[in-house]
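Take a look at the letters that make up each chain.
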Amino acid sequence: MNGGRRLLEINDLRVARPGSPSPELERFSLTLNAGETVVLLGEADCGKGAVLRLLGGLCERGEALSGTIRFGAGETRQAAQNLQIPIRVAWLAAAASQPLNPHAGVAPQLARVIAHKLGCPPGAGREELRAALARLPGAPAIEVLDQPPAKRNMVATGWGLLATACAQTPDLVLCDHAFADLSPAAVRVLTAALLAEQTRLGFAILYAARGPQTIARIGGRALVLRRGRVVEEGTAEHLMSGQTHEYTQSFFRALPRLVTDKAPRPTARGEPLLQVQGLILRPGDKARSRSRDGISFELRRGASLALVGEEGSGRRGMMRAVLGLDRRPGRTLFDAVDLTMLSRSMATRLRRSIAFVSGADDALDPRMTLWDTVEEPLKAQLDLSREMIAGYRDSALKRVGLASQDGGRAVAMLAPFDKRRLQVARAIVAAPVLVVIDEPLHGLDAVAQTTMRDLLAAFRLAHQAAFLVITGDLSVAQALADEVMVFHDGRVVERGVMRDLLRVPKEPATHALIEAVTFPAFPRQDAPV
């Protein structure tokens, strides 16, 4: 949608943070019309954040800005930290990065934002939020959002944030990686709702994105940034059909796609490593319990299984029950030992042979150093000399590409991608028999996601560890697992070999998961970056 009226024009914008050796953004220019959609595509620190901060009035103290900006038919002004924004701007961030108070209800906090933006009492802000939610098909009622963020799933919070942005009747919506922490199916539904509201209200969208999936979903025009400069731009159709710059090509090569002709690995043989028998995820449902709808499966050594579904479908509840973290009706045997019969201390000792790789930011102790983080499993389980520990540690760091990092650096100082690779190094050095992988790609740009998939796949081949993958993204499941169980509403609705399930899905939940990661066809380049 493009209304033709010029909303804003930026020329030769330069942004430099204090103490940084190079500018965050250099000679950036952009024209944006009312109702238009523009995607800023790039990895972390490529400069897209500087554009959103300027237009959102959130420039950091000490930033040096130059260049000009003009809103509508107004006068051209110099870019500055205290720049007055004469248009209505709404900010739409990802649910996990939104600075909500974890101890207060989501709806009251969002209502205060609306009240502040519209200059109305908080009660009126709540009614505006209620009305905005009611206009969004599939959105929850406002009472669902009265709970704190910790007790509400991120999809519901995402609906609340979208409703908050639309309730402000903005001229421009700044999407700061909006919906980035949600499953592809949820992103697909929320993005469709955003575009429908754009058509209804006529606002422009400036969308900062980590991967080309956003371009495929929302269309419009795209600018690809690298190290503060635009290296390629064009319409979504132009970029989807072919890219000229190597950097842009690397992003589109990383766009995941489902492969229905991929031959499965040979079936793992030997005794089962993990056995689940008649597990009931929601024991309160008596009818389901009586219907013998308990979940049973086996995972053999070296095999891989993906638990796939939307948030709240039961996949993460299954993981916690399997690991003995939650008590559920049914039996779980790990290496022929019944976890339900063990004390907590014995179960904890048994879980030392299990490694974890998670997409959560707090998966590692931020106060520990790189070296301490990787060495900890060795020191806890084996009596080794310092030299041997250092050797295993350095080998693991080298395999994940972190050998050049300062080993005495605190985990808190690492970038999200480096933290994720550090988790893999820690898993490698522990030589586990089972690796539990929970949404390992969250928060990463497209190229980093490809690297993580390759690291985990290589780890599995080298160590023959069993993989239990928990994800809402079928493309991640396909890359890391040969078999899949699809969860919906606390039960398994479909299971089987990955290739067969992708070819002939039987359940609506499976169809939705497939459609969420299916994008328009375009020429792919398979040469290495």
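Use the structure listed above.
Just so you know, these numbers come straight off a predicted model, no measurement behind them.

## A word on the overall build of the protein chain
Phase 1 of the analysis: The number of helices and strands found in the protein chain is 18 helices and 20 strands.
Phase 2 of the analysis: Look at the contacts in the protein chain between residues 6 or more apart in sequence, and 70% of them connect residues 24 or more apart.
Phase 3 of the analysis: Accessible surface, the protein chain as shown: approximately 24,000 Å² in total, 51% of it carbon and sulfur.
Phase 4 of the analysis: Here the protein chain contributes 67 positively and 56 negatively charged side chains, and the mean placements of these two sets differ by 3 Å.

## Regarding unusual backbone geometry
Phase 1 of the analysis: Positive phi, close to 50°, is recorded for R27, a residue that is not glycine.
Phase 2 of the analysis: Within the element layout of this structure, R27 appears in strand β2 (residues 25–33).
Phase 3 of the analysis: The phi angle at D335 is positive, at roughly 55°, despite the residue not being glycine.
Phase 4 of the analysis: Here D335 lies in the loop between β14 (331–334) and β15 (337–338).

## A closer look at the sheet that holds strand β11 (residues 272–279)
Backbone-to-backbone hydrogen bonds pair the strands of a sheet. The strands run either parallel or antiparallel.
Phase 1 of the analysis: Ordered in space as β12-β11-β14-β15, the four strands form an open sheet in which the pairing is antiparallel. What marks the edges here is a single partner per strand, and that holds for β12 (295–300) and β15.
Phase 2 of the analysis: Relative to β14, β11 runs antiparallel, the two being bridged by four bridges. If you follow V276 over to β14, its bridge partner there is T332.

## Comments concerning the pattern of salt bridges
Phase 1 of the analysis: In the structure shown here, the tally under the stated rule is 26 salt bridges.
Phase 2 of the analysis: Notably, a salt bridge pairs E439 with R315, separated by 3.4 Å at the nearest N-O pair. Of this pair, E439 sits in the loop between β17 (434–438) and α15 (446–463) while R315 sits in helix α10 (residues 315–322), and the two are 124 residues apart along the sequence. Across this residue pair, the class does not change: E439 and R315 are buried.

## Brief notes about the side chain of S304
Phase 1 of the analysis: By secondary structure assignment, the location of S304 is in strand β13 (residues 304–308).
Phase 2 of the analysis: A polar side-chain atom of S304 sits 2.9 Å from a polar atom in the side chain of R460.
Phase 3 of the analysis: Not counting residues up to four positions away in its chain, the partners in contact with S304 are L299, R460, F467, L480, A481, D482 and E483.

## Things to note about the sheet that holds strand β10 (residues 229–235)
Phase 1 of the analysis: Across the sheet, which stays open at both edges, the six strands sit in the order β6-β7-β8-β3-β9-β10 with mixed pairing between neighbours. Edge positions in the sheet fall to β6 (89–93) and β10, since each has one partner strand and no second. Strand after strand, the sheet turns through a mean of 15° between neighbouring axes, direction not considered.
Phase 2 of the analysis: Strand direction decides the pairing type here: strand β3 (residues 37–41) and strand β8 (residues 204–209), joined by five bridges, are parallel. Note that in β8 the partner of T37 across the bridge is I205.

## Some remarks on the pairing of β12
Taken residue by residue, a regular strand's side chains alternate between the two faces of the sheet.
Phase 1 of the analysis: Where burial is concerned, the two faces of β12 differ: the one with I295, F297 and L299 is buried and the one with S296, E298 and R300 is not.
Phase 2 of the analysis: One ladder, built from five bridges, connects β11 with β12; its direction is antiparallel. Of the residues in β12, the one forming a bridge with V276 is F297.

## Examining the packing of helix α13 (residues 386–399) against helix α14 (residues 416–430)
Phase 1 of the analysis: Closest axis-to-axis distance for the α13/α14 pair is 8 Å, and the angle between their directions is 135°. In terms of orientation, α13 and α14 fall into the oblique class. The handedness of the crossing between α13 and α14 is right-handed. Listed contacts from α14 to Y392, R393, A396, L397 and R399 of α13 are L422, A425, I428 and V429.
Phase 2 of the analysis: Grouping the amino acids of the contact of α13 with α14 by side-chain chemistry returns seven nonpolar, no polar and two charged.

## Concerning the packing of aromatic side chains
To describe a pair of aromatic rings, one takes the distance between the centres and the angle between the planes.
Phase 1 of the analysis: Scanning the model with the defined rule gives two aromatic pairs in all.
Phase 2 of the analysis: A centroid spacing of 5.1 Å and a plane angle of 70° characterise the contact between Y247 and F251, whose relative ring orientation is edge-to-face. Taken together, the residues Y247 and F251, both in helix α8 (residues 246–253) and four residues apart, mark about one turn of the helix.
Phase 3 of the analysis: Residue classification places F251 among the buried residues on the basis of a relative accessible area of 0%.

## Concerning the nonpolar core
Phase 1 of the analysis: In this structure, L92, L162, F179, L194, Y207 and I215 are the most contacted members of the largest nonpolar core, which totals 52 residues.
Phase 2 of the analysis: In terms of residues, this core owes the most to one element, helix α4 (residues 154–167), which gives nine residues.
Phase 3 of the analysis: Among all residues touching L92, those that are not within four sequence positions of it are L161, L162, A165, V173, L174, C175, D176, A178, F179 and L194.

## Some points on helix α18 (residues 508–516)
Phase 1 of the analysis: Listed in full, the buried residues belonging to α18 are A509, T510, L513, I514 and A516. Mapping the buried residues of α18 onto a view down its axis gives an arc of 165°, with all of them on the same face.

## Notes on the environment of V436
Phase 1 of the analysis: With respect to the helices, strands and loops of the structure, V436 is situated in strand β17.
Phase 2 of the analysis: Residue contacts for V436: discarding those within four places in its chain leaves M319, L323, I354, A355, F356, V357, L468 and I470.

## Details of the environment of V173
Phase 1 of the analysis: Locating V173 in the fold gives a position in strand β7 (residues 172–176).
Phase 2 of the analysis: Along the chain, V173 and E36 lie 137 residues apart, while their C-alpha atoms are 11 Å from each other.
Phase 3 of the analysis: If we skip the residues at most four places from it in the chain, V173 touches A90, L92, F203, A204, I205 and L206.

## Remarks on the side chain of R453
Phase 1 of the analysis: Within the secondary structure, R453 sits in helix α15.
Phase 2 of the analysis: The buried charged residue R453 lacks any salt bridge partner; its closest oppositely charged side chain belongs to D473, at an N-O distance of 5.9 Å.
Phase 3 of the analysis: With near-sequence residues (within four places) excluded, R453 lies in contact with A254, P256, L441, A479 and L480.

## Focus on the environment of P18
Phase 1 of the analysis: Along the polypeptide, P18 turns up in the loop between β1 (6–16) and β2.
Phase 2 of the analysis: Judged by relative accessible area, which is 54%, P18 ranks as exposed.
Phase 3 of the analysis: Look past the residues within four positions of P18 in its chain and what remains in contact with it is R61, G62 and E63.

The rules behind each value
- Residues numbered from 1 in each chain as written.
- Predicted model: local features only at pLDDT ≥ 70, side-chain atom pairs only at ≥ 80, totals over all residues.
- Heavy atoms only, no water.
- Helix = DSSP H or I, 4+ residues; strand = E, 2+ residues; numbered from the N terminus.
- Contact = heavy atoms within 4.5 Å.
- Areas by Shrake-Rupley, 256 points an atom, 1.4 Å probe, with all protein chains shown as cover.
- Lys, Arg positive; Asp, Glu negative; His and termini not counted.
- Charge placed at Lys NZ, Arg CZ, Asp CG, Glu CD.
- Pairing = 2+ DSSP bridges.
- Salt bridge = Lys/Arg side-chain N within 4 Å of Asp/Glu carboxyl O.
- Buried < 20%, exposed > 50% of the residue type's maximum accessible area, 1.4 Å probe, protein only.
- Polar contact = N/O pair within 3.5 Å; in protein donor to acceptor, adjacent residues only side chain to side chain.
- Axes fitted to C-alpha atoms, helices over the stretch in contact; angles between N-to-C directions.
- Parallel < 35°, antiparallel > 145°, perpendicular 65-115°, else oblique.
- Left-handed = near helix turned anticlockwise from the far one by under 90°.
- Nonpolar A, V, L, I, M, F, W, Y, C, P; charged D, E, K, R; others polar.
- Phe/Tyr/Trp six-rings, centres within 6.5 Å; stacked < 30°, edge-to-face > 60°.
- Core = buried A, V, L, I, M, F, W, Y, C linked by side-chain atoms within 4.5 Å.
- Arc of directions from axis to C-beta.

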